[in-house]
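Take a look at the letters that make up each chain.
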Amino acid sequence: MLRDPDSDVMEKAYARWAPVYDVLCGPVFLNGRRAAAQAARAVGGRILEIGVGTGLSFDDYDQTTEITGIDISEPMIARARIRAASGRYPHVKGLTVMDAHDLKFGDASFDCVVGQFVITLVENPERVLSECARVVKPGGQIILVNHLYSEKGFAAAVERLLAQKARGLGLRPEFPFQRLAAWAERHGGAELIERRKVKPFGVYTLVRFRRALAQPQAA
Ligand SMILES: C[S@@+](CC[C@H](N)C(=O)[O-])C[C@H]1O[C@@H](n2cnc3c(N)ncnc32)[C@H](O)[C@@H]1O
C-alpha cells in the first residue's frame, strides 16, 4: 500500500483539474454526489461540504439546507464561487479555501458534514475525520462517498497497479473501507450507521457515521 498523498500534490493536481473538472469528472461522479446529498438532505440544517470542489453538488441541495463549502484548492473554490454567483443557489452560504485537516469552525457548528470523493485524497484521513466529528453536533452525521479499494480479485489488482500513477493525477483507487471503520472505533465518538454501494453500478460506496451524543474520550 502506498503512503497517504501529500496535500501539496493534491493542490497542484486540482489546480490542473479545475478548468476541465466539470466536463470530465462531473458526469463520472454524478450518482455518488446525488446519493450523498440525498442522505444529507434527510439530516437537513447546516451542512459543511469538505472538498466541495467546483460546487457541482449545489444542484443536489435545496432551501431546507444551508451549505458551507471548503476546499484546499483556490482554483476549484474560485469556480464554485462563480457557480454560486449565478443566484441559483441561495442555500449556499459560504465558500472558503481551507484545509480539511484544520477546520476553522467551532465545535458542533454543523448538523452534517459531507465529503464527496475527498477522504481518500487527504494527507491524514483519520485527522480529517476527527475534525469532521468535532464540528458536527451531537446526533449529527458525517456522510462520505467514494470509490473504495475492491480488496480482492481482478479489480483490486488493477487498482494496485494504477495506484502510483493515479496519485499525481489527484486520484486514489486503493483506499480500504477498513480504515474508516477503524477510525470510528478508535475515536469512540462516532458510530458507523451505514455502508452501502451506490446504485446502479455499485462503483461508489456511501458511508455514514452518527456523532455520539456524549463527548468522545480521545480524538
Ligand atoms: C475529486 S475532487 C471532488 C470535488 C467535489 N466534492 C465533487 O464531488 O465534485 C476532490 C476535492 O478535494 C479537495 N481536497 C483535497 N485535499 C483536501 C484537503 N486537505 N482539504 C480540503 N479539500 C481538499 C481537492 O482540492 C478537490 O477539489
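Side note on the pattern of salt bridges
In a structure, side chains of opposite charge can pair up when their charged atoms sit close to one another. On inspection of all chains with the given rule, the structure shows 18 salt bridges. For R179, the salt bridge identified is with E126, shortest N-O distance 2.8 Å. Within this pair, whereas R179 is found in helix α7 (residues 177-187), its partner E126 is found in helix α5 (residues 125-135), the two being separated by 53 residues in sequence. Residue class for R179 comes out partly exposed when judged on its relative accessible area of 23%. One salt-bridge network, in which partners are shared between bridges, spans D4, E126, R172, E174 and R179.

Some words on the site of the ligand
Taken together, 19 residues are adjacent to the ligand, and Y21, G51, D71, A100 and Q116 come closest. One of the backbone N or O atoms of A100 is found 2.9 Å from a nitrogen atom in the ligand. Between Q116 and the ligand, the recorded distance is 2.9 Å, taken from a backbone N or O atom to a nitrogen atom. Calculation on the ligand without its partners gives an accessible area of 590 Å², and the protein chains cover 99% of this total. Of the pockets mapped on this structure, the ligand occupies the largest pocket.

Details of the nonpolar core
Among the nonpolar cores identified, the biggest contains 34 residues, and Y14, Y21, V114, I143 and L206 are the most heavily contacted of them. Counting residues per element, the ones that place at least two in this core are α1 (7-17), α3 (26-43), α4 (74-84), β3 (92-97), β4 (110-116) and β5 (136-146). Here this core gets 6 residues from one element, more than from any other, and that element is α3. Look past the residues within four positions of L206 in its chain and what remains in contact with it is A35, A36, A39, I143, L144, V145, E194, R195, R196 and V198. Core analysis: the second largest hydrophobic core is formed by 30 residues, I119, V136, V207 and F209 among them.

A closer look at the environment of Q63
By the secondary structure assignment, Q63 is in the loop between β1 (45-50) and β2 (65-71). Filtering out sequence-adjacent residues up to four positions away, Q63 remains in contact with P90 and H91.

Each value, and the rule that gives it
- Within every chain, residues take consecutive numbers counted from 1 along the sequence as written.
- The model is predicted, so local features are restricted to residues of pLDDT at least 70 and side-chain atom pairs to those at 80 or more, both for listing and for counting; the totals for chains, interfaces and linings are taken over all residues.
- Excluded from the side-chain calculation are hydrogens and water; included are all heavy atoms of the structure.
- A pairing counts as a salt bridge when a side-chain nitrogen of Lys or Arg comes within 4 Å of a carboxyl oxygen of Asp or Glu.
- Each helix is a run of H or I in the DSSP string that is no shorter than four residues. Each strand is a run of E no shorter than two, and both are numbered from the N terminus.
- To sort residues, take the accessible area from a 1.4 Å probe on protein chains only and compare it with the maximum for the residue type: under 20% means buried, over 50% means exposed, and anything in between is partly exposed.
- Consider each residue's heavy atoms; a residue with any of them within 4 Å of a molecule or strand counts as near.
- Polar contacts, as counted here, are pairs of nitrogen or oxygen atoms within 3.5 Å of one another; within protein the pair requires one atom able to donate a hydrogen and one able to accept it, and residues that are adjacent in sequence qualify only if both atoms are side-chain atoms.
- Shrake-Rupley sampling with a 1.4 Å probe provides the accessible areas, and residues are treated as covered by the protein chains on show and by no other component.
- With a 1 Å grid laid over protein atoms only, a set of points is called a cavity when a 1.4 Å probe fits there but cannot get out and a pocket when it is open yet has protein on both sides within 12 Å along at least five of seven lines; lining residues have an atom within 4 Å of a point.
- Cavities and pockets are treated as containing a molecule whenever more than half of the molecule's atoms lie within 2 Å of their grid points.
- Here, nonpolar core refers to any group of buried Ala, Val, Leu, Ile, Met, Phe, Trp, Tyr and Cys residues whose side-chain atoms link them within 4.5 Å.
- Contacts between residues were defined by any pair of non-hydrogen atoms, one from each residue, lying within 4.5 Å.

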